[in-house]
Amino acid sequence: GGGPPAGGPPGMGGEDTGNVIATEPHFAVNADKQCTLTSTGPQTITGYIYCDNYFEFWFNGELVAKDPMTFTPHNAVQVSFEWDGVSDKEYAIMCMDYASTSGYEYIETDAPQLGDGVLMAEFSDGTVTSSAWSVFVVTSGPTDASIEAGCSATNLDVCVVDTLEEPTGWVDRGFAVDGAWSSATEYTAAVAGWGRTPAWNASGSCCGTATSPRTQAPLTENGGCSVNYATSSPNGLSTSVGHMECLDPMVVLSELRSTMIWSSDLQRDNRVLFRVTVPADRVSSSVQCPVCDAAVQEAGSQRVRRELRTLTSEEWNKVTAAMWIMKTTSREDGVAAYGAAFRTYDTFVVKHAVAESDPRGDQAHSGPMFMTWHSAFVLEFENALLSVDPSIVALPYWDASIVEPSIFTDVYFGSAPGTGPGGEVVDGVFKNWPITSNFSLSDYKTAAGDAVVSPFAGSQIGMLRGSSSTRTESVALRFGSSAYTFASNDYWKCSNLDGYWNDWYQCAEAGTAGGLSLSNARVHGGAHQGVGGKSGTDSSDFEDPTTSPNDPIFFFHHANVDRSAFHWMAVNTDKRSTFYGYPAEDATGAGPTAESSYYGQSLLDKMSDAWGFSAQDLGLSDSTDSQTNADILCRVAPPTAVYTYDSLVACATGDSAPCTASWEAVVEATTTPPSTTMGADDSTTVISTTSGNDTSTEAGSDQATASNTPGIAVFFVGVVVLLKMS
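Here the residue index of a chain counts from 1 through its sequence in written order. For this predicted model, a pLDDT threshold of at least 70 governs which residues receive local features, and a threshold of 80 or more governs which side-chain atom pairs are given and counted, while totals over whole chains, interfaces and linings are taken from all residues. Note that water and hydrogens are dropped before the side-chain values are worked out from all heavy atoms of the structure.

**Digging into the overall build of the protein**
Stage number 1. Elements are defined by DSSP. Helices are runs of H or I of four residues or more, strands are runs of E of two residues or more, and each kind is numbered from the N terminus. Counting secondary structure elements, the protein contains 14 helices and 26 strands.
Stage number 2. Here's how the labels work: a residue is buried when its accessible area is under 20% of the maximum for its type, exposed when over 50%, partly exposed in between, all with a 1.4 Å probe on protein chains only. Across the 726 residues that make up the protein, the buried fraction comes to 56%.
Stage number 3. The criterion used for residue contact is that any of the two residues' heavy atoms lie within 4.5 Å. In the protein, the proportion of contacts linking residues at least 24 apart, taken out of those at least 6 apart, comes to 72%.

**Topic: helix 9 (residues 488–496)**
Stage number 1. Taking burial as the measure, the nine residues of helix 9 include eight buried ones, the bulk of the element.
Stage number 2. Among the residues of helix 9, those classed as buried are N489, D490, Y491, W492, K493, C494, S495 and N496.

**Some words on the packing of helix 5 (residues 313–328) against helix 8 (residues 369–388)**
For any two helices packed against each other, one specifies the inter-axial angle together with the distance between the axes.
Stage number 1. Every axis corresponds to a line fitted to the C-alpha atoms, with the helix fit spanning only the stretch in contact, and the corresponding angles, defined between N-to-C directions, vary from 0 to 180 degrees. At a closest axis distance of 9 Å, the pairing of helix 5 and helix 8 adopts a crossing angle of 100 degrees. When the interaxial angle is binned, helix 5 and helix 8 end up roughly perpendicular. Each of V319, A322, M323, I325 and M326 in helix 5 lies in contact with helix 8, whose residues at this interface are F381, A384, L385 and V388.
Stage number 2. Split into classes, the residues belonging to the contact of helix 5 with helix 8 amount to nine nonpolar, no polar and no charged. Any angle from 65 to 115 degrees is called roughly perpendicular, while one under 35 is roughly parallel, one over 145 is roughly antiparallel, and all others are oblique. Residues are sorted three ways: Asp, Glu, Lys and Arg are charged, Ala, Val, Leu, Ile, Met, Phe, Trp, Tyr, Cys and Pro are nonpolar, and all the rest, Gly among them, are polar.

**Let's talk about the state of the cysteines**
Every disulfide links exactly two cysteines, by a covalent bond between their sulfur atoms.
Stage number 1. Note that a disulfide, as used here, is simply two cysteine sulfur atoms within 2.5 Å. On inspection of all chains with the given rule, the structure shows seven disulfides.
Stage number 2. Paired by a disulfide, C151 and C159 hold their sulfur atoms 1.9 Å apart. The S-S bond linking C151 to C159 shows a torsion near 90 degrees; that makes this disulfide right-handed. Note on accessibility: C151 and C159 belong to one class, buried.
Stage number 3. Bridging C494 to C507, the disulfide has an S-S length of 2.1 Å.

**Observations regarding the packing of aromatic side chains**
Stage number 1. We call Phe, Tyr and Trp rings a pair once their centres come within 6.5 Å, taking the six-membered ring for Trp, and we label the pair stacked below 30 degrees between planes, edge-to-face above 60, and tilted otherwise. The full count for this structure, using the stated rule, is 52 aromatic pairs.
Stage number 2. Ring centres of F348 and F377 lie 5.6 Å apart, and the angle between their planes is 70 degrees; on these two criteria the pair is classed as edge-to-face. Taken together, the residues span a long stretch of sequence, with F348 in helix 7 (residues 345–356) and F377 in helix 8 at a distance of 29 residues. Taken as a pair, F348 and F377 share a single burial class, namely buried.
Stage number 3. Ring centres of Y491 and W492 lie 5.7 Å apart, and the angle between their planes is 75 degrees; on these two criteria the pair is classed as edge-to-face. Per residue, the accessibility class of Y491 equals that of W492, and both read buried.
Stage number 4. A positively charged side chain is recorded as over a ring if its NZ (Lys) or CZ (Arg) lies within 6 Å of the ring centre. The angle to the ring normal must also be within 35 degrees. Stacked on the ring of Y643, the Lys or Arg R305 has its end atom at 3.6 Å from the ring centre.
Stage number 5. Here K575 stacks its cationic end above the ring of Y500, 5.2 Å away from the centre of that ring.

**What about empty space enclosed by the protein?**
Stage number 1. Here a cavity means grid points, on a 1 Å grid over the protein atoms only, where a 1.4 Å probe fits yet cannot get out; a pocket means an open set of points with protein on both sides within 12 Å along at least five of seven lines; lining residues are those with an atom within 4 Å of a point. Grid points are joined across faces, edges and corners, and a volume is the space filled by probe spheres set on the points. If you walk through the whole model with that rule in mind, you get three cavities of 30 Å³ or more.
Stage number 2. Lining the largest cavity are 13 residues; nearest its centre among them are D399, A400, F486, Y491 and N560.
Stage number 3. For the lining of the largest cavity, the secondary structure elements donating two or more residues are helix 9 and helix 12 (553–571).
Stage number 4. Grouping the amino acids of the lining of the largest cavity by side-chain chemistry returns seven nonpolar, four polar and two charged.

**Points about the side chain of H74**
Stage number 1. Checked against the element boundaries, H74 lands in the loop between strand 4 (62–66) and strand 5 (76–83).
Stage number 2. Of the polar contacts made by the side chain of H74, one reaches the side chain of D52; its length is 3.2 Å.
Stage number 3. At 3.2 Å, the side chain of H74 and the side chain of N53 are in polar contact.
Stage number 4. Look past the residues within four positions of H74 in its chain and what remains in contact with it is Y50, D52, N53, W194, G195, R196, T197, P198 and P249. Two N or O atoms count as a polar contact when they lie within 3.5 Å, although within protein this holds only if one can serve as hydrogen donor and the other as acceptor, and sequence-adjacent residues are included solely when both atoms are side-chain atoms.

**Here's the deal with the pattern of salt bridges**
Stage number 1. We define a salt bridge as a contact between a side-chain nitrogen of Lys or Arg and a carboxyl oxygen of Asp or Glu at a distance within 4 Å. Taken as a whole and assessed by the stated rule, the structure comprises 25 salt bridges.
Stage number 2. Put simply, R360 and D609 hold a salt bridge, and the shortest N to O gap is 2.6 Å. Taken together, the positions of R360 in the loop between helix 7 and helix 8 and D609 in the loop between helix 12 and helix 13 (629–635) put the pair 249 residues apart, joining distant regions of the chain.
Stage number 3. Linked by salt bridges that have partners in common, R303, R305, E382 and D562 make up one network.

**Observations regarding the nonpolar core**
Stage number 1. Ranked by internal contacts, the top residues of the largest apolar core, which has 142 residues, are F57, Y91, F274 and W398.
Stage number 2. Nonpolar core, defined: a set of buried Ala, Val, Leu, Ile, Met, Phe, Trp, Tyr and Cys residues in which side-chain atoms within 4.5 Å join the residues together. One finds A92, V138, V171 and F175 within the second-largest nonpolar core, a separate group that totals 11 residues.

**Description of the pairing of strand 2 (residues 43–52)**
Stage number 1. Taken across its 10 residues, strand 2 has nine buried, putting it largely inside the fold.
Stage number 2. Strands qualify as paired when DSSP identifies two bridges or more between them. Direction of pairing for strand 2 relative to strand 5: antiparallel, over a ladder of eight bridges. The residue bridging Y48 from the neighbouring strand is Q78, located in strand 5.

**Digging into the packing of helix 11 (residues 525–532) against helix 12**
Stage number 1. Relative orientation of the contacting elements helix 11 and helix 12 amounts to 150 degrees, with a least axis distance of 10 Å. Accordingly, the angle class assigned to the pair helix 11 and helix 12 is roughly antiparallel. For the pair helix 11 and helix 12, the crossing hand works out as right-handed. Contact with helix 11, carried on its side by A527, H528 and V531, involves I553, F554, H557 and H558 of helix 12 and no other residues of that element.
Stage number 2. Looking at side-chain class alone, the contact of helix 11 with helix 12 contains four nonpolar, three polar and no charged residues. The handedness criterion is simple: a crossing whose near helix is rotated anticlockwise from the far helix by less than a right angle is left-handed, and one whose near helix is rotated clockwise is right-handed.

**Let's talk about the confidence of the model for the protein**
Stage number 1. When pLDDT is averaged along the protein, the result is 83, and 83% of the positions lie at 70 or above.
Stage number 2. What pLDDT conveys is the predictor's confidence in a given residue, as a value from 0 to 100. Here strand 26 (residues 723–725) is the element of the protein with the lowest mean pLDDT, 24, and helix 5 is the one with the highest, 98.
Stage number 3. Note that pLDDT drops below 50 for residues 1–23; the model gives that stretch 44 contacts with residues more than four away or on any other chain.
Stage number 4. Predicted confidence for residues 665–726 stays below pLDDT 50, and this span has 172 contacts to residues more than four positions away or in other chains.

**Structural notes on the environment of Q616**
Stage number 1. Within the secondary structure, Q616 sits in the loop between helix 12 and helix 13.
Stage number 2. Spatially, the C-alpha atom of Q616 lies 8.7 Å from that of A341, the residues being 275 residues apart in sequence.
Stage number 3. With sequence-adjacent residues up to four places away left out, Q616 is seen in contact with S621, D622, S623 and T624.
Stage number 4. Within the local environment of Q616, its side chain forms a polar contact with the backbone oxygen of D622, the two atoms lying 3.4 Å apart.

**Some details on unusual backbone geometry**
Stage number 1. In this structure, the amide linkage connecting G141 to the following residue, P142, adopts the cis form with an omega of 0 degrees.
Stage number 2. Along the polypeptide, P142 turns up in the loop between strand 8 (134–140) and helix 1 (144–148).
Stage number 3. Even without glycine at this site, N222 takes up a positive phi of about 55 degrees.
Stage number 4. By the secondary structure assignment, N222 is in the loop between strand 13 (206–208) and strand 14 (227–230).

**So, the side chain of T344**
Stage number 1. Within the fold, T344 resides in the loop between helix 6 (331–338) and helix 7.
Stage number 2. Residue class for T344 comes out buried when judged on its relative accessible area of 11%.
Stage number 3. For T344, the side chain forms a polar contact with the side chain of T347, separated by 2.6 Å.
Stage number 4. In this structure, T344 is in contact with M326, T329, S330 and R331, ignoring residues within four places of it in sequence.

**Here we look at the pairing of strand 8**
Stage number 1. The element strand 8 is largely enclosed, with a buried count of five among its seven residues.
Stage number 2. Two elements, strand 8 and strand 10 (residues 182–183), share two bridges in a ladder whose sense is antiparallel. Note on strand 10: the bridge partner recorded for S134 is S183.
Stage number 3. Relative to strand 17 (residues 269–278), strand 8 runs antiparallel, the two sharing six bridges. Bridge pairing in strand 17 links V135 to F274.
Stage number 4. Pairing of strand 8 with strand 9 (residues 162–163) involves two bridges; the strand directions are antiparallel. Residue pairing across strands places T139 opposite T163, the latter belonging to strand 9.

What follows is the structure in structure tokens.
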């Protein structure tokens, strides 16, 4: 509810736009994204197309993309285009499997063969390839008649290929298929195959490795990287290929969502046209909220996560001992000793890296799925921890607003920065915490025992670190400061925000919501930068966004971030039926993915399906079904989760815990909003905040001394903010 103050929203005219004293803000700008409302108007649609071997794609009569690789590797291409939100959506794709005039490929070898084409595509509006598409075969061969005349792999001279004229205007808007078209035939990957999948050469910024369709040999021009075969240049012609045009189709596409299609003759039909028309009203209808049938936990039955410094020495020792067991025990031995919930510690590092490295887009960060993914991730870790020692009861959290006693001591996490010669952490209960060398993704499997498909391959020198890391140290590194703290009032602002899911996320990640600056620091990224930090351009283990769980402090920090979301959901329980306003469709990211909408972000998307979370993984049920963002919001929320937090219990019982926030603040408008990504340089941003007696400034860090100017200035970034005024 609520509406604009008299005269219109601040800064929009109709009132004195000077300093305004604000009570708790109320945000309505994300209300239209929840599952009970309809998304209307123009949209940007993104998608992925894979064709063996070459495609051209039109949308509503406009050419959108051409495959830059005409033969091999068999790459998928990311596409993006605009839809007016009103017209029917008409998809037209020409897909061509390479064939010579005989219908055969590799004709300059001893074993020419008939290739097989295939098309597979998925788009963010829900359109996917299936038998609902229509096909028209342009070229087909060798013909039956030529085969009867003796055409074969050893007698190509008599082979004939039939060619039909393309239907006039077949790519145009309004084109109607006729009886010359037929329904697409569906194939499985086991039948059609994925072909020669691509590999992106980061150092050369090219897509390799290309081969000749005539000789089957690698092309030699530019090492066969980003080159196409040409009759005039049999060694290859260089071509321009971007990273998002050189994607592994097995990573970005899934037979769980779409189907491989072709004509009825997979081998002999070589140039095939595909069309499908999606009525405009099919996607403008409301996304129905799924039913949340999770049982409400009985009072007092939830395990309680406590601030780590409230644990006794014995309790803390149990936690650290269990983590060392997870770090040093193999998966097989651990499951045998502790049960199916056991995971090795490095499993979590790799799972995080696989999600972050997904070619479709980061599945764990920079979007609304950040917290659903990390809540599931921390819960799976907690379950593994308790499998080793159930008497631990629950995973503790680290509240960075508590200064004493310091956690950067021998009793807890050791020094920050690390006191080893290269920044190694050589003290504390996790001293000399090993970082895996000779990393191989094949050593890791899902809980179900399945192989993990991902481009993540470890660091440049084969360690379990991010792909850009060149650090050789074999133990965890820290380059930040033990002085890092987080203002309690800023934490509780985000935790009490009256808004929708994306508003909480923007507050926790950037200190903003709806264009209004609320916090001088970042609930999530601040600790990664402040404690982990960098040494020159080198990331510490905690600061490396790909493998940040390499530092054990990760899980205690992320439990605290989860605590903020948990409190926020409790405060906004009135939005629970619409899944707290989580974006139902066409969800977009923040920071580097601010304009991107890709699978994994929206409410009903499965989380990081390259290596996701089953209900069984999370201890929610015996089901092996992959969990969606909606599943987590249903089952891992204050009334239904198997855990809660000591502060939430205290707030519910009227204890003196700081359940609310002071909203009186000075917020200086900036042309550069705070960074929403870990490790970004936000030195151009200055935000001053006064909250009661708590005064601080962010100017490229999360702690400093502040100015003390009264009032609140509001700035807008293309949105309307509704404020409850005092």
